[in-house]
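Given next are the chains, with one letter for each unit.
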Amino acid sequence: MVVKFAVPKGSLEEGTYDILSRAMLRLRGAERTYRPVVDDPEIEVKVLRPQEIPVLVAGGAFDIGITGKDWVRETGADVLQLLDLEYGYVRLVVAVPKNLRYSSLDEIVEDYVKAGRVLRIATEYLNTAAAHVKSTPAYGRRFGGAEPMIVTPWWSRGENSMVRIYLSFGATEAKPPEEADLIVDATSTGITLEQNNLKPIETIAESTAVLIANKQSYEDPSKREKILDVLTLLRGVVDSGKKLHIFVNVHRDNLDRLLKALPALKSPTISPLSTEGWYAINTVISKNEFRTILPVLRRLAQGLVVHEPNMILPLEEILQRNSGRA
């Protein structure tokens, strides 16, 4: 049984290829085709825009996929979110021209209502923008539950023509002030907004890349095992970035003192060395813990070696977390 895997093109592309390679799922031919070959013959890969992936996974065209949390939110796709992959961080923000005094969307809606002006919003995130503008107190007071008008080249919906949300096909930050009064867009550093004389005034949500799965595929025993393999490998890469593998030598006179002083050393491997009275301690700790315990290691131990692991596979944890999903 082949598991169909949708991976993203665009802003998430580089990070996705990197994490798959580190998870021993290297893609070959991705620079030439939208159907690269993965090192696992039981996985079939296709490269798509991240905007498409949640809906296609939910509909069963693909069993698993990598996309942004922002697009799962925008599409409302009914998928399992298996793992935050912790790359591709962006904020979804409301941004306005710098010369405007506004500090919130609520202020803008209030002013436009009072002036009888149409508020124009440009965005790729039509549903997210509509829900956010409706959540402002000023909108509720003036328009109640009326839906903002969403406008695309092919269709329009929503009865409130005083707030119009226009589909942007990219370069959204270039729309104000001629085509839009404000935008709803994703930003990582804010540099592009700055260069286009815009300022963010609200953060709607934060987003990173996420591994998602089709619910029916996950319940299918023939596909579930392969999905769990992919999940385990990717989780191992994510976790490895937060950990250090340390090897340290300690004399038996200091062994108990070292172990008592280092609560971070959970169930370490302790092995006698060939030199009488010396022991090797081998364990994995978080990077934050290492900074805390380094002074203790300097005082009580010798021969410290530190490695950044390529992968840490939390096999029992993966099984426990996902055994109740099916």
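Here, every reference points to the structure presented above.
Residues numbered from 1 in each chain as written. Predicted model: local features only at pLDDT ≥ 70, side-chain atom pairs only at ≥ 80, totals over all residues. Heavy atoms only, no water.

1. A word on the sheet that holds strand β15 (residues 243–251)
Piece 1. The strand order across the open sheet formed by 4 strands is β16-β17-β15-β18, and the pairing between neighbours is antiparallel. In this open sheet, the two strands that pair with only one neighbour each are β16 (269–272) and β18 (302–307). Each neighbouring strand pair of the sheet contributes to a mean axis angle of 15°, computed without reference to strand direction.
Piece 2. Looking at chain direction, β16 and strand β17 (residues 278–286) are connected through 4 bridges and run antiparallel. By the bridge assignment, I270 is partnered in β17 with I281.
Piece 3. The strands touched by helix α11 (residues 287–300) within the sheet are β15, β17 and β18, with β17 carrying the most contacts at an inclination of about 160°. (Pairing = 2+ DSSP bridges. Helix = DSSP H or I, 4+ residues; strand = E, 2+ residues; numbered from the N terminus. Axes fitted to C-alpha atoms, helices over the stretch in contact; angles between N-to-C directions. Contact = heavy atoms within 4.5 Å.)

2. Comments concerning the environment of A58
Piece 1. With respect to the helices, strands and loops of the structure, A58 is situated in helix α2 (residues 53–58).
Piece 2. The contacts of A58, once residues within four sequence positions are left out, are A77, D78, V79 and N214.

3. Thoughts on the pattern of salt bridges
Piece 1. Throughout the structure, instances matching the rule amount to 20 salt bridges.
Piece 2. Between R101 and D111 there is a salt bridge, with the nearest N and O atoms lying 2.7 Å from each other. One end of the pair, R101, is in the loop between β7 (90–97) and α4 (105–115); the other, D111, is in helix α4, with 10 residues separating them in the sequence.
Piece 3. Take R101: its relative accessible area is 61%, and that puts it in the exposed class.
Piece 4. With its nearest N and O atoms 3.9 Å apart, the salt bridge here joins E110 to K114. Residue E110 and its partner K114 are both found in helix α4; the two are separated by 4 residues, about one turn of the helix.
Piece 5. Residue K114 is classed as exposed on the basis of its relative accessible area, which comes to 64%. (Salt bridge = Lys/Arg side-chain N within 4 Å of Asp/Glu carboxyl O. Buried < 20%, exposed > 50% of the residue type's maximum accessible area, 1.4 Å probe, protein only.)

4. Focus on the packing of helix α1 (residues 13–22) against helix α9 (residues 221–240)
Piece 1. With their axes 9 Å apart at the nearest point, α1 and α9 run at an angle of 100° to one another. The orientation of α1 relative to α9 falls into the category roughly perpendicular. In this structure, α1 contributes I19, L20 and R22 to the contact, and α9 contributes L234, V237, V238 and S240. (Parallel < 35°, antiparallel > 145°, perpendicular 65-115°, else oblique.)

5. What about the side chain of T128?
Piece 1. When you line up the elements, T128 lands in helix α5 (residues 126–134).
Piece 2. When near neighbours in sequence (up to four residues on either side) are disregarded, T128 contacts R73, E74, L92 and I204.

6. Topic: the pairing of strand β12 (residues 182–187)
Piece 1. Taking burial as the measure, the 6 residues of β12 include 5 buried ones, the bulk of the element.
Piece 2. Note that strand β8 (residues 119–123) and β12 share 3 bridges and pair parallel. Looking at the pairing, I121 lines up with L182 of β12.

7. Concerning the nonpolar core
Soluble globular proteins: nonpolar side chains tend toward being buried together.
Piece 1. Among the nonpolar cores identified, the biggest contains 32 residues, and F5, L20, L85, L211 and L234 are the most heavily contacted of them.
Piece 2. At the level of elements, β1 (3–8), α1, β4 (43–48), β5 (64–68), β6 (80–84), β14 (209–213) and α9 are the ones that each hand at least two residues to this core.
Piece 3. Discounting chain neighbours no more than four positions away, the residues touching F5 are L20, I43, E44, V45, K46, F62, I64, G65, I66, L211 and V230.
Piece 4. V96, Y112, V133 and F143 belong to the second largest nonpolar core, which has 28 residues in total. (Core = buried A, V, L, I, M, F, W, Y, C linked by side-chain atoms within 4.5 Å.)

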